[in-house]
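Report on the structure
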Amino acid sequence: FDIRQLVLVDNKMNIYVYKEFYVRTSSAVYDIDNVQDLFIHLTNYAVQKKKTKGKPERELEEDELDEDDEEQEEGNNLSMEELNAFLEEEGMSMNCDGVMKRIHEIIVKIFLSVWKKLNPLREKNTFEVFGLDFLLDEEMNVWLIEVNTNPYIGCSSGLLKKIFTGMLEGALRKCV
């Protein structure tokens, strides 16, 4: 799995981190020995929506990543609370506040390093939404995977509908 955290940056370079991250899971059982199966190792929605039931693995063509969305399995997205409950069932402990604090620290460092590049003309009433992807290691250390400048905000599950609706409503209140 990976963690997706939504971040909004406005024209004044204020950084707003959405209050809840969500977890993206794979649609196939993890197997470290099977490096060819994209459905095991990539949790990106563009890849996961292509999972064909009954076919354990197949190669994806480049143009498949741009096809119209198919309905996403609800179980491929978890809330913070659901992740915490799963980890507890597995005998692991996640300090949600500690994880969020570390995510916030990383986010501040990222945007401080690029603030001159974002909205260089400082146009009014503008904002940009970013999707930052993180991993947790066995010791619950937070690691940045990537920053997405155009994150997928389709409502492919009830959880995502709740998160994206809240995030977009908040963005409009802050920036417009």
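Here the structure is shown first, and the text comes after it.
A few points on the structure. No experiment lies behind these values; they were computed from the predicted model shown.

Here's the deal with the nonpolar core
Phe21, Ile103, Phe111, Leu132, Phe134 and Leu136 are the most contacted members of the largest nonpolar core, which has 24 residues in total. Only strand 1 (2–10), helix 3 (80–89), helix 4 (96–114) and strand 5 (127–136) provide two or more residues apiece to this core. No other element matches helix 4, which puts seven residues into this core. Apart from the residues lying within four places of it in its own chain, the contact partners of Leu132 are Ile3, Arg4, Gln5, Val7, Ile107, Ile110, Phe111, Leu144, Glu146 and Val147. Of all hydrophobic cores here, the second largest spans 12 residues; its members include Tyr18, Tyr22, Leu159 and Phe164.

What about unusual backbone geometry?
The residue Met13 is not glycine, and still its phi comes out positive at about 70°. The residue Met13 is located in the loop between strand 1 and strand 2 (15–17) in this model. The buried category is assigned to Met13, whose relative accessible area is 17%. Residue Met140 is not a glycine yet carries a positive backbone phi of 65°. By the element assignment, Met140 lies in the loop between strand 5 and strand 6 (142–148).

Quick word on the side chain of Arg4
With respect to the helices and strands, the residue Arg4 is situated in strand 1. In terms of polar contacts, Arg4 uses its side chain to reach the side chain of Asp133, at 2.4 Å.

Focus: the packing of aromatic side chains
Per the stated rule, a full pass over the model turns up two aromatic pairs. Arranged with centres 5.9 Å apart and planes meeting at 80°, the rings of Tyr22 and Phe164 form a pair that is edge-to-face. With a gap of 142 residues between them, Tyr22 in strand 3 (residues 22–24) and Phe164 in helix 5 (residues 158–175) connect regions that are remote in the sequence. Like Phe164, Tyr22 is buried.

The rules we used
Numbering of residues starts from 1 in each chain and follows the order in which that chain's sequence is written. Side-chain atom pairs in this predicted model are given and counted only at pLDDT of 80 or more, local residue features only at pLDDT of at least 70, and totals for whole chains, interfaces and linings cover all residues. Note: side-chain values were computed over all heavy atoms of the structure, leaving out hydrogens and water. For the purposes of this section, nonpolar cores are sets of buried Ala, Val, Leu, Ile, Met, Phe, Trp, Tyr and Cys residues that join through side-chain atoms within 4.5 Å. A simple rule labels every residue: compare its accessible area, found with a 1.4 Å probe on the protein chains alone, to the largest value its type can have, and call it buried under 20%, exposed over 50%, or partly exposed in between. Put simply, DSSP H or I for four residues or longer makes a helix, DSSP E for two residues or longer makes a strand, and each gets a number counted from the N terminus. Contacts: residue pairs with any heavy atoms within 4.5 Å of one another. Contacts described as polar in this section are N or O atom pairs within 3.5 Å, which, within protein, must combine one atom able to donate a hydrogen with one able to accept it, while residues neighboring in sequence count only if both atoms come from side chains. For Phe, Tyr and Trp, rings pair up if their centres lie within 6.5 Å, where Trp contributes its six-membered ring, and each pair is then called stacked (planes under 30 degrees apart), edge-to-face (over 60) or tilted (otherwise).

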